[in-house]
Amino acid sequence: MKLNSCRNLAVCIISLSVLFFALPGFADGGTLRVKCLDQSGTPAQNAKVVIVNMINQKAKDKRSDALGIAEFARIDDGVYRVYARKDGLAPALHEFAVLKGNEESITLNLAAGADRKLYFEDPAEEDRAIQFLRQGVEAAKQNKNEEAEKLFLNSLEINPSSAETLYYYSVTQMQEGRFDKAVELLNQTVKAAGARMAFPAAAAANPNPYEIISKNAGQLLKKMAFYKGEHALRQKNWDLAVRNYTDAAKDDPENPEIYSNMAIALTNAGKLDEAISAVDKAVALKPGEKSYTELKGKIAARKENAMLEKAQTLMNEGNKLLQE
């Protein structure tokens, strides 16, 4: 029996640098519409909204109107950092808004609280986020998932758009079986990494760290049904494991491990004929794998024992009837 998800996910815990640089710009003409809401969900009038073009670090600001909206028309295309402040409320941040001649609308929720510096305004705050990330990675390497999760959340509270932290946090969620949350985080990872992927320093690096993050996140999303199957197998939820492996086989029909693990789940569910059919597919895809042929032998032996037990039960029942 091969359950490699913990080892496979552990490989995902790798060290990647945190980079903050700018993307090249595009043509003029985009519109960025920012809506500000206060803690009760009503429009926050007179909030100061700042947008920063990440190519040249040039900033523009406006005050939100009675509807809580600040609109920036005919601005350069590119990637923008957007944040807002209002007296009596904590600042709100959105990274990153992408403009390519289009209109983009975002909402900033200003929660109750005191004003504070955001991570990019204070090097000490950025350092704290990185330290939380590093400590979380170390905890994850030691399989201390609960501790790692808290550290990643601390890091994201400071820098909510860190592709690295989102990625590692998603891995801990997968290991805990929280697959819906993991998918949400992985999609955020792909978006955040995509925004940073073409930044000059990242693009010049070989390999591009954000390209690696995006690729790894995409691979985890693609194999999500397989990881769900392995989690269900460890939980001895045989029917769920079979359903998950069936979905995984649709996405990756040439993976023999899917059919091998499916055969294990089917065997434990008492579906021995289907189990033999599944393990036959694994053997056909990888004939030289000894564990697959051994698994087939064990399933065949269990089937034979089941037949003998059934025959013995019928014989016992027949003898009882004769005695009566």
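Every value quoted in this text rests on a predicted model; they were computed, and no experiment measured them.

A.B. asks: Where do I start with the overall build of the chain in this structure?
C.D. replies: A tally of helices and strands in the chain yields 12 helices and 7 strands. In the chain, buried positions account for 43% of the 324 residues. A sequence separation of at least 24 residues applies to 62% of the contacts in the chain between residues at least 6 apart. When the accessible surface of the chain is split by element, carbon and sulfur atoms take 50% of a total near 17000 Å².

A.B. asks: What is the right way to look at unusual backbone geometry in this model?
C.D. replies: Backbone phi values are negative for most residues with the exception of glycine, while trans is the configuration of most peptide bonds. Here the bond from Glu95 into Phe96 is cis, since omega is -5°, no more than 30 degrees from zero. A positive phi is found at Arg74, a non-glycine position, where the angle reads about 55°. Structurally, Arg74 is set in strand β4 (residues 69–76). On the basis of relative accessibility, which here comes to 72%, the residue Arg74 falls in the exposed class. Backbone geometry places Lys236, a non-glycine residue, at a positive phi of 60°. Overall, Lys236 belongs to the exposed group, its relative accessible area being 61%.

A.B. asks: How should I be thinking about the packing of aromatic side chains in this particular structure?
C.D. replies: As enumerated under the stated definition, the model contains 6 aromatic pairs in all. Taken together, a centroid distance of 6.1 Å and an interplanar angle of 20° make the contact between Phe152 and Tyr168 stacked. Residue Phe152 is found in helix α3 (residues 145–158), and its partner Tyr168 is found in helix α4 (residues 163–175); the two are separated by 16 residues along the sequence. Relative to Tyr227, the ring of Phe226 lies with its centre 5.8 Å away and its plane at 70°, an arrangement referred to as edge-to-face. Each member of the pair, Phe226 together with Tyr227, is buried.

A.B. asks: Where do I start with helix α8 (residues 224–234) in this structure?
C.D. replies: Count 3.6 residues to each turn of an α-helix, and residues three or four apart come out pointing the same way. Taking burial as the measure, the 11 residues of α8 include 9 buried ones, the bulk of the element. Turning to α8, its buried residues are Met224, Ala225, Phe226, Tyr227, Gly229, Glu230, His231, Ala232 and Leu233.

A.B. asks: Got a minute to help me understand the nonpolar core in this structure?
C.D. replies: One recurring pattern in soluble globular proteins is that nonpolar side chains are buried together. Among the nonpolar cores identified, the biggest contains 56 residues, and Tyr167, Met174 and Ile299 are the most heavily contacted of them. Core analysis: the second largest hydrophobic core is formed by 20 residues, Val34, Cys36, Tyr80 and Ala92 among them.

A.B. asks: Looking at this structure, I do not really get the sheet that holds strand β3 (residues 59–63). What am I missing?
C.D. replies: For sheets, the rule is that strands pair by backbone hydrogen bonds, running either parallel or antiparallel. One open sheet holds the 4 strands; their spatial order is β3-β2-β5-β6, and the pairing between them is antiparallel. The outermost strands of the open sheet, each flanked by one partner alone, are β3 and β6 (92–99). Taken over all neighbouring pairs, the strand axes of this sheet differ in orientation by 20° on average, direction set aside. Pairing geometry for strand β2 (residues 48–53) and β3, over 5 bridges, is antiparallel. Across the sheet, residue Val49 finds its bridge partner in β3, namely Lys62.

Parameters at a glance
Residues numbered from 1 in each chain as written. Predicted model: local features only at pLDDT ≥ 70, side-chain atom pairs only at ≥ 80, totals over all residues. Heavy atoms only, no water. Helix = DSSP H or I, 4+ residues; strand = E, 2+ residues; numbered from the N terminus. Buried < 20%, exposed > 50% of the residue type's maximum accessible area, 1.4 Å probe, protein only. Contact = heavy atoms within 4.5 Å. Areas by Shrake-Rupley, 256 points an atom, 1.4 Å probe, with all protein chains shown as cover. Phe/Tyr/Trp six-rings, centres within 6.5 Å; stacked < 30°, edge-to-face > 60°. Core = buried A, V, L, I, M, F, W, Y, C linked by side-chain atoms within 4.5 Å. Pairing = 2+ DSSP bridges. Axes fitted to C-alpha atoms, helices over the stretch in contact; angles between N-to-C directions.

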